[in-house]
Amino acid sequence: MGCGSSVPSKNAKYEPGAVPSEVVKPVPSEVVKPGLSIPGCWIPEVAMRGITLPQLRAILEDVRQRCPEEEWEAGGGPKAGQPLAADEVNLYDTMKYVILPATKPYECSYV
């Protein structure tokens, strides 16, 4: 989320599963809007913002739970406007129902 001038050291050693403190930083207070708190962190370097497998799994679980409960509809293609099953949800549907609603109040990226 966001961007900044902080860049990880070229000598930084990354271990699988470890997140170096020079890459992930606390969210700056000037980024937080009044009345909102940001559950996450600040990753100034764009190249370090890749989505992790646990994050992808969390999105998938969210889709599997919410799609049938909220009766999502296909946004385009031959099924436009028709009810979606969780296994039919594509990236566009995920953006509409999961990612944009989660990030819009914070004006940030999902990752």
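Residues numbered from 1 in each chain as written. Predicted model: local features only at pLDDT ≥ 70, side-chain atom pairs only at ≥ 80, totals over all residues. Heavy atoms only, no water.

Visitor: Help me understand the packing of helix 1 (residues 53–70) against helix 2 (residues 91–103), please; the structure alone is not making it clear to me.
Guide: For any two helices packed against each other, the geometry is given by the interaxial angle and the distance between the axes. Close contact between helix 1 and helix 2 brings their axes to 11 Å; oriented N to C, the two are set at 95 degrees. On the basis of their axis angle, the class for helix 1 and helix 2 is roughly perpendicular. The segment helix 1 lies against helix 2, with Ile59, Asp62, Val63 and Arg66 engaging Thr94, Tyr97 and Val98. The class makeup of the residues in the contact of helix 1 with helix 2 is 4 nonpolar, 1 polar and 2 charged. (Axes fitted to C-alpha atoms, helices over the stretch in contact; angles between N-to-C directions. Helix = DSSP H or I, 4+ residues; strand = E, 2+ residues; numbered from the N terminus. Parallel < 35°, antiparallel > 145°, perpendicular 65-115°, else oblique. Contact = heavy atoms within 4.5 Å. Nonpolar A, V, L, I, M, F, W, Y, C, P; charged D, E, K, R; others polar.)

Visitor: Is there a simple way to explain the pattern of salt bridges in this structure?
Guide: If charged atoms from side chains of opposite charge come close, those side chains can pair. In this structure the tally under the stated criterion is 3 salt bridges. Measuring nitrogen to oxygen at the nearest pair gives 3.0 Å for the salt bridge that ties Arg66 to Asp62. Residue Arg66 and its partner Asp62 are located together in helix 1, separated by 4 residues, close to a single helical turn. Assessed through its relative accessible area of 22%, Asp62 is described here as partly exposed. (Salt bridge = Lys/Arg side-chain N within 4 Å of Asp/Glu carboxyl O. Buried < 20%, exposed > 50% of the residue type's maximum accessible area, 1.4 Å probe, protein only.)

Visitor: Could you clarify how one ought to interpret the packing of aromatic side chains in this entry?
Guide: Describing an aromatic ring pair means giving the distance of the ring centres and the angle of the ring planes. Tallied over the full model, the rule gives 1 aromatic pair. For the pair Trp72 and Tyr97, a centre-to-centre distance of 4.4 Å together with 5 degrees between the ring planes defines the contact as stacked. Here Tyr97 lies in helix 2 and Trp72 lies in the loop between helix 1 and helix 2, a separation of 25 residues in the sequence. Residue Tyr97 is classed as buried on the basis of its relative accessible area of 15%. (Phe/Tyr/Trp six-rings, centres within 6.5 Å; stacked < 30°, edge-to-face > 60°.)

Visitor: What should I look at first to understand helix 1 in this one?
Guide: In an α-helix there are 3.6 residues to a turn, and that puts residues three or four apart on one side. For helix 1, spanning 18 residues, the distance from its first C-alpha to its last is 25 Å, which sits close to the expected 26 Å at 1.5 Å a residue. Taken together, the buried positions of helix 1 are Ile59, Val63, Arg66 and Cys67. Structurally, helix 1 contributes buried residues whose contacts are with helix 2. With its phi angle positive at about 55 degrees, Glu71 sits one or two positions after the end of helix 1. (Expected span 1.5 Å × (residues − 1).)

Visitor: Even after reading the chapter, I still don't get the confidence of the model for the protein, so can you show me in this structure?
Guide: The predicted structure's coordinates, where accompanied by low pLDDT, should not be read in detail. Put simply, the protein has an average pLDDT of 74, and 62% of its residues get 70 or more. Long-range and interchain partners of residues 1–16, a stretch whose pLDDT sits below 50, account for 35 contacts in this model, where long-range means more than four residues apart. (pLDDT = per-residue confidence, 0-100.)

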